[in-house]
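Structural characterization, general
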Amino acid sequence: MSRLLSLLCLCLVGQVLSQDMPFEEYIAQIQACPKECRCPANFPRAVYCDNKGLKSIPNIPPHTWYLYLQNNLIEVLSADALRNATELRWLNLNRNKINTNGVQEGALSAMSHLAHLYMDENLLSSVPNPLPASLEHLRLSHNRISSIPARVFIGLDKLNLLDLQGNKLMDDDVTEVSFKGLTNLVQINLAKNQLSSMPIGLPPSTTQLFLDGNNIEKIPTGFFKDLPNMAFLRLNHNKLGSSGVPKDVFNVSSILDLQLSHNQLTEVPFIPSGLEQLHLDHNNIKTVSGANICPISFEAMQDSDNDSVPRLRYLRLDGNTIKPPIPRDVILCFRLLRSIVI
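Residues numbered from 1 in each chain as written. Predicted model: local features only at pLDDT ≥ 70, side-chain atom pairs only at ≥ 80, totals over all residues. Heavy atoms only, no water.

**Digging into the overall build of the protein**
Just so we agree on the cut-off: Counting from the N terminus, the helices are the DSSP runs of H or I reaching at least four residues and the strands are the DSSP runs of E reaching at least two. Between the two quantities, the radius of gyration covers C-alpha atoms and the globule rule is 2.2 Å times the number of residues to the power 0.38. Working rule for contacts: check all heavy atoms of both residues, and any pair within 4.5 Å makes them a contact. In these tables, accessible area is a Shrake-Rupley quantity obtained with a 1.4 Å probe, and a residue counts as shielded only by the protein chains included in the view. A residue counts as positive if it is Lys or Arg and as negative if it is Asp or Glu; His and the chain ends are not included. Every charge is mapped onto a representative atom, which is NZ of Lys, CZ of Arg, CG of Asp or CD of Glu.
For the protein, the helix and strand inventory stands at 5 helices and 13 strands. A globule of 342 residues ought to have a C-alpha radius of gyration of about 20 Å, yet the protein, at 25 Å, is considerably larger. The principal-axis extents of the C-alpha atoms in the protein amount to approximately 85 × 45 × 35 Å. Expressed as a percentage of contacts within the protein between residues at least 6 apart in sequence, the contacts between residues at least 24 apart total 48%. Of the accessible surface of the protein, which amounts to about 16300 Å², a share of 49% is contributed by carbon and sulfur atoms. Taking the 30 positively charged and 32 negatively charged side chains of the protein as two groups, their mean positions are separated by 5 Å.

**Describing the nonpolar core**
To be explicit about the condition: Residues enter a nonpolar core if they are buried and are Ala, Val, Leu, Ile, Met, Phe, Trp, Tyr or Cys, with the set joined through side-chain atoms within 4.5 Å. Exposed residues in this analysis have more than 50% of their type's maximum accessible area, buried residues have under 20%, and partly exposed residues fall in between, with area computed by a 1.4 Å probe over protein chains only.
Ranked by size, the top nonpolar core spans 86 residues in total, and within it L131, F153, L162, L164, F179, F224 and F250 carry the most contacts. Leaving out residues up to four positions away in the same chain, F224 has contacts with M198, I219, M230, L233, V249, F250 and V252.

**Digging into the pattern of salt bridges**
Short version of the rule: For this analysis, a salt bridge means a side-chain nitrogen from Lys or Arg found within 4 Å of a carboxyl oxygen belonging to Asp or Glu.
In the structure shown here, the tally under the stated rule is 9 salt bridges. The residue R139 makes a salt bridge to D163 at a minimum N-O spacing of 3.5 Å. Remark: D163 occurs in strand β6 (residues 161–163) and R139 occurs in strand β5 (residues 137–139); sequence separation between them is 24 residues. Look at R139 and you get partly exposed, because its relative accessible area is 25%. Residues joined by salt bridges that share partners form a network here, namely D281, R316 and D318.

**Remarks on the packing of aromatic side chains**
Worth spelling out the cut-off: A pair of aromatic rings is counted whenever rings of Phe, Tyr or Trp (Trp by its six-membered ring) have centres within 6.5 Å, and the orientation is called stacked for planes under 30 degrees apart, edge-to-face for over 60 and tilted otherwise.
Enumeration according to the criterion identifies 8 aromatic pairs in this entry. Taking the centre distance of 6.4 Å and the plane angle of 20 degrees together, the rings of F153 and F179 count as stacked. Placement of the pair is F153 in the loop between β5 and β6 and F179 in the loop between β6 and β7 (187–189), with a sequence separation of 26 residues. Relative accessible area serves as the criterion here: at 0%, F153 is assigned to the buried category.

**A look at the environment of L54**
Structurally, L54 can be placed in the loop between β1 (46–48) and β2 (66–68). L54 sits in the buried class, given a relative accessible area of 10%. Considering only alpha carbons, one finds L54 and G166, 112 residues apart in sequence, at a separation of 25 Å. Here L54 is in contact with E36, C49, L69, N72, L73 and I74, once residues within four sequence places are set aside.

**Observations concerning the side chain of Q29**
The test is simple: Pairing of N or O atoms within 3.5 Å defines a polar contact, subject to two protein rules: one partner must be a possible hydrogen donor and the other a possible acceptor, and residues neighboring in sequence count only if both atoms are side-chain atoms.
Within the secondary structure layout, Q29 lies in helix α2 (residues 23–31). A polar contact is formed between the side chain of Q29 and the backbone nitrogen of H63, at a distance of 3.1 Å. Once you skip the residues sitting within four places of it in the chain, Q29 turns out to touch M21, P44, R45, V47, P61, P62, H63 and T64.

**As for the UniProt feature "domain: LRRNT" (unreviewed entry) in the protein**
Selection rule: UniProt positions are given in the numbering used here, feature names are shortened, and annotations may be inferred rather than shown by experiment.
In the numbering adopted here, UniProt assigns the feature "domain: LRRNT" (unreviewed entry) to residues 32–66. Segment residues 32–66 splits into 0% helix and 11% strand. End C-alpha atoms: 15 Å apart.

**Focus on the state of the cysteines**
Counted only if it meets this: Cysteine sulfur atoms are paired as a disulfide whenever they come within 2.5 Å of each other.
Across all of its chains, the model carries 3 disulfides by this definition. A sulfur-sulfur distance of 2.0 Å marks the disulfide that ties C37 to C49. Disulfide C37-C49: torsion about the S-S bond near 105 degrees, hence right-handed. Here the residue C37 occupies a position in the loop between α2 and β1, and C49 occupies one in the loop between β1 and β2, the gap between them amounting to 12 residues.

**What to know about the side chain of N238**
Examined against the element boundaries, N238 turns out to sit in the loop between β9 (232–234) and β10 (257–259). If we skip the residues at most four places from it in the chain, N238 touches L211, D212, G213, N214, N215, I216, H262 and N263.

**Digging into the environment of V152**
Along the polypeptide, V152 turns up in the loop between β5 and β6. With a relative accessible area of 3%, V152 lands in the buried category. Through-space distance from the C-alpha of V152 to that of L117 is 15 Å; in sequence the pair is 35 residues apart. Once residues lying within four places of it in the same chain are set aside, the contact partners of V152 are V127, P128, N129 and L131.

**Observations regarding unusual backbone geometry**
What is expected of a backbone is that most residues other than glycine have negative phi and most peptide bonds are trans. Cis peptide bonds are those with omega within 30 degrees of zero, and the linkage from N129 to P130 qualifies with 5 degrees. Topologically, P130 is positioned in the loop between β4 (116–118) and β5. In this model, P324 is joined to P325 through a cis peptide bond whose omega is 5 degrees. For P325, the position within the fold is in the loop between β12 (314–316) and α5 (328–333). Despite not being glycine, E121 has its phi angle at roughly 55 degrees, a positive value. Inspection of the secondary structure puts E121 in the loop between β4 and β5. Positive phi, close to 55 degrees, is recorded for K192, a residue that is not glycine.

Now the structure itself:
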């Protein structure tokens, strides 16, 4: 049997070396593969333990970079089982039964190379703490999270994606210091929580903000002035009325995609010149007028070239009480429009 294994190893040595994995490490990795898991010979740094009905994490080989443990019955994230797996880059624990007390102290913070941590659909009531400073993506959607520990993100300056959708966060749980330390955050997903106000303390680097499915009724004046990189904003399925949307609140040059579907708007909000996509379907809007929503005057439009006209290309208005046709002044203003749904 050992001779057969050696022959197999020799056949794959070229592939292994191409992954920058020394031959000795390759042998140790294959031999240490847990019996409950699968360790592909042509992808030796990955260990697949998903869909096995596991109730605990087996001992993981020391040279593992990618560990897949999703779709099991695991209740405890054990520091002991991961003691040797200090090289982990990717850990998938989605759809298990791990609660906050089940995350043993030091189980995560010891992984100094971990970049991707997925713990969607578990039983967490709080963001795990402490977290490794190497994290780039943190997905914690569809848990029971109602608490973000103070300073939990301090030092996580590599994190660019934070997914907290489908939890139980309320306004008091998202404070000015909740996201302190996330200096390079690009995307934050707070959809389907229990927020009634816009979240405060968002990092200035935030580019994509998802707030669908909350109970938000208004947006504070100047809310986006400290978010100069905001490009994609989703507020679908909230309780926004036109009185809760200040006239120039979206007058931010960086916004490209604005989604306000399934709210209670009675008027089309201000459309910044740089906006490319606007979703206003399923509101209570009755009329639309180019004179009211065009971001530049028609006199200026006549003297301008295509580089300075409004950039809107997609406009969705179905599910309102607007009757076609779209007024001519809307078409004249947004001359780059390629699609209008009404």
